[in-house]
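# Survey of secondary and tertiary structure
Residues per chain, in single letters:
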Amino acid sequence: MADTARQSGTEGTGGPPPRRASWRHIGPGIVVAATGVGAGDLVATLIAGSKFGYTLLWAAVAGCLVKISLAEAAGRWHLATGRTLFDGWRSLGAWTTVYFAGYVAVWGFVYGAAAMSSSALPLQALFPGVMDLKWWAVLCGVAGLVFVWFNRYAVFEKVMTLLVGVMFVVTVYLAVRVTPNLGKALAGLAPVLPDGSLIYTLGLIGGVGGTITLAAYGYWVNAKGWTDTSWMKVMRLDNRVAYITTGIFVVAMLFVGAELLHSSGVALAKGDKGLLDLGGVLEDQYGTVTAKLFLIGFFATSITSLIGVWHGVSLMFADFVTHFRERGATGGTGATTGEEVAAGTREKSLPFRAYLLWLTFPPMSLLFLDQPFGLVIVYGVIGAFFMPFLALTLVWLLNSSRTPSEWRNGALSNGVLGAAGVLFLVLCVQQVRELPW
């Protein structure tokens, strides 16, 4: 049945594949762009702009090219093999399953609290005195749970697209409002490393838009109804749109950092609260309307990351559980296919909803308590290892007989993914060293 569906090209909900890639088919790329760029990414970009002006613009562009390669590789695996990424990981050995299980358990617990807090910050600033930050965070978490629980991918994609539109309008408006120096910006495309900029440079290349959502991209491609190689050109266009969009967000915020903060020597707090600092600067410089508009964009940025992870990582967890359930019941390989994701049954499954609950309710305890020291260490370590894990396993999978020969990596893909793997290993070591041991 699966072979017949792949041959006909009419599987899932995507309809027959188009004769050529078209803008009207894009969707998963918008979702991955919105989910991958969180408030913390924007703060990191603003700080880089405030410290070094336009000098690191080239690093932001390079980072988008790296993420295009990673997401394209994940999508290509799903379409070329008809198998999910977790199924590919499982074929590399049991160690991948052990890592993934630990990652989604601890990472999900801590990330849930962080995502809810990030979404709550702009709401508290927009509606001061209504309720405490913790209760805004609880409200955001429950709203995300209800939205993902009762909606399938098609509705999820439409809402994410709307929120991306809000993010796009706000970030571009701010970039224009601060009147960027285009001459300096063009000069910033030359690869230069000012003194003390190495860590910021690596962070811009490797950090912005680089999370587990890159791995979730293949699942969203399948959920869209794209499950075979006839959709490959569409997927590649969709992926480019994703990271061009991400690039616009990053460049716009670098402009704001360079013009508004660098010239005046204003320093932002690290983390999501840095965006509240920026809101205060914008209000002083450009008035209340601009500051409020920025807070709306801040909320759109944070809530898309929340509901994107609630949906995408829950899909991956459902695949993880279903793989072992089917393997145990049949005694076979437990292989899972893209058609199963496209059918939409995973979004209604018990494992999908169980992980939704795990992302929402247990993390609420961290909103009312200081994060346990040991949990912060474990979260930091396994989180730091995810991006090198993703890059290097994709190189492995896409150069092996697991992938049909015509869709294996070429020299360019291997070069970029290999370089990404090394970059992420360096960042991993740096992140682990900076943990509060």
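## Description of the overall build of the protein chain
Looking only at helices and strands, the protein chain has 20 helices and zero strands in total. Looking at the protein chain as a whole, 56% of its 437 residues are labelled buried. The long-range share in the protein chain, meaning contacts at least 24 apart out of those at least 6 apart in sequence, stands at 85%. In the form shown here, the protein chain has an accessible surface area of approximately 17,400 Å², with 66% of it arising from carbon and sulfur atoms.

## Here's the deal with helix 6 (residues 94–126)
For helix 6, built from 33 residues, the straight-helix expectation of 48 Å at 1.5 Å per residue is met to within 8% by its first-to-last C-alpha distance of 48 Å. If you look at helix 6, its biggest bend is around 30°, right at G108.

## Structural notes on helix 13 (residues 273–286)
Between the first and last C-alpha of helix 13 there are 20 Å, a value that for 14 residues agrees with the 20 Å anticipated at 1.5 Å per step. Burial in helix 13 covers these residues: G274, L275, L278, G279, V281 and L282. Projected onto a plane normal to the axis of helix 13, the buried residues spread over an arc of 170° and lie on a single side. Those residues of helix 13 that are exposed and angled more than 90 degrees off the buried face are K273 and D284.

## A few points about the nonpolar core
In this structure, L70, L85, W89, L278, W310, F386 and L390 are the most contacted members of the largest nonpolar core, which totals 137 residues. F386 has contacts with W89, Y99, Y103, T211, I212 and A215, leaving out every residue within four places of it along the chain.

## Remarks on the packing of helix 4 (residues 57–81) against helix 20 (residues 411–434)
Two numbers describe how helix 4 lies on helix 20: the axes approach to 10 Å, and their chain directions differ by 115°. Taken as axis vectors, helix 4 and helix 20 run roughly perpendicular relative to one another. Our pair here, helix 4 against helix 20, has a crossing hand that is left-handed. Together, V66, K67, S69, L70, A73 and R76 of helix 4 and S413, V416, L417, A420 and F424 of helix 20 make up the contact between the two elements. Broken down by class, the residue content of the contact of helix 4 with helix 20 amounts to seven nonpolar, two polar and two charged.

## Some remarks on the side chain of S69
With respect to the secondary-structure elements, S69 resides in helix 4. Apart from residues no more than four positions distant in its own chain, S69 is found in contact with V416 and L417.

## With respect to the side chain of T301
Of note, T301 is situated in helix 14 (residues 288–330). We classify T301 as buried; its relative accessible area is 3%. Leave out the neighbours within four places in its chain, and T301 touches A34, V37, G38, A39, L42 and M167.

## With respect to the environment of W89
Of note, W89 is situated in helix 5 (residues 85–91). Taking the C-alpha atoms as reference, W89 lies 7.2 Å from T393; in sequence the two are 304 residues apart. Look past the residues within four positions of W89 in its chain and what remains in contact with it is T96, F100, A215, M316, F386, F389, L390, T393 and L397.

## Notes on the packing of helix 3 (residues 39–52) against helix 12 (residues 232–262)
Axis separation between helix 3 and helix 12 bottoms out at 7 Å; the angle between their running directions is 45°. With respect to helix 12, the element helix 3 is oriented oblique. Handedness of the helix 3/helix 12 crossing: right-handed. Contacts between helix 3 and helix 12 involve L42, T45, L46, A48, G49, S50, K51 and F52 from the first element and V250, M253, L254, V256, G257, A258, L261 and H262 from the second. Of the residues belonging to the contact of helix 3 with helix 12, the class tally is 10 nonpolar, five polar and one charged.

## Here we look at the confidence of the model for the protein chain
Scored by pLDDT, the protein chain comes out at a mean of 85, with 86% of its residues at no less than 70. Considering only residues more than four positions removed or in separate chains, one finds that residues 1–13, a stretch of pLDDT under 50, has 29 contacts.

## Topic: the environment of W95
Counting through the fold element by element, W95 comes out in helix 6. Taking relative accessible area as the criterion, W95 reaches 43% and is therefore assigned partly exposed. Those residues in contact with W95 that lie beyond four places of it in its chain are F389, T393 and W396.

## A closer look at unusual backbone geometry
The phi dihedral of T179 is positive, around 55°, even though this residue is not glycine. Structurally, T179 can be placed in the loop between helix 8 (153–177) and helix 9 (182–187). Its relative accessible area of 56% is what places T179 among the exposed residues.

## Things to note about the pattern of salt bridges
Within the structure shown, the criterion is met by six salt bridges. The salt bridge involving E157 is made with K224; its shortest N-O contact spans 3.0 Å. One end of the pair, E157, is in helix 8; the other, K224, is in the loop between helix 11 (213–223) and helix 12, with 67 residues separating them in the sequence. Salt-bridge contacts for R346 lead to E340; the nearest nitrogen and oxygen are separated by 3.1 Å. Here the salt bridges share partners, and the residues they tie into one network are E72, R76 and R236.

About the thresholds
- Sequence order as written defines the numbering, with residues in each chain counted from 1.
- pLDDT decides what is reported in this predicted model: residues at 70 or higher carry local features, side-chain atom pairs at 80 or more are listed and counted, and totals for whole chains, interfaces and linings draw on all residues regardless.
- Heavy atoms throughout the structure, all of them, feed into the side-chain values; hydrogens and water do not.
- Helix numbering and strand numbering both begin at the N terminus, where a helix is a DSSP run of H or I of at least 4 residues and a strand a DSSP run of E of at least 2.
- Think of it in three bands: residues with accessible area under 20% of the maximum for their type are buried, residues over 50% are exposed, and the middle band is partly exposed, with areas taken using a 1.4 Å probe on protein chains only.
- Contact between two residues is taken to exist if any of their heavy atoms lie within 4.5 Å; hydrogens are not considered.
- Each accessible area value is a Shrake-Rupley result obtained with a 1.4 Å probe; residue values ignore everything except the protein chains displayed when judging cover.
- Here the expected length of a helix is defined as 1.5 Å per residue gap, with one fewer gap than residues.
- We define the bend at each residue as the angle formed by axes fitted to the 7 residues ending at it and the 7 residues starting at it.
- Starting at the helix axis, one direction is taken to each C-beta atom, and the arc is that of these directions.
- Residues enter a nonpolar core if they are buried and are Ala, Val, Leu, Ile, Met, Phe, Trp, Tyr or Cys, with the set joined through side-chain atoms within 4.5 Å.
- All axes here are fitted lines through C-alpha atoms, helices being fitted over the stretch that makes contact, and every angle between N-to-C directions spans 0 to 180 degrees.
- Geometric relationships in this document are graded by angle, where less than 35 degrees denotes roughly parallel, more than 145 denotes roughly antiparallel, 65 to 115 denotes roughly perpendicular, and other angles denote oblique.
- Helix crossings are classified by the rotation of the near helix relative to the far one: an anticlockwise turn of less than a right angle makes the crossing left-handed, while a clockwise turn makes it right-handed.
- Residue polarity is assigned by list, with Asp, Glu, Lys and Arg as charged and Ala, Val, Leu, Ile, Met, Phe, Trp, Tyr, Cys and Pro as nonpolar; anything else, Gly included, falls into the polar class.
- Scored from 0 to 100, pLDDT records how confident the predictor is in each individual residue.
- Criterion for a salt bridge: a side-chain nitrogen of Lys or Arg within 4 Å of a carboxyl oxygen of Asp or Glu.

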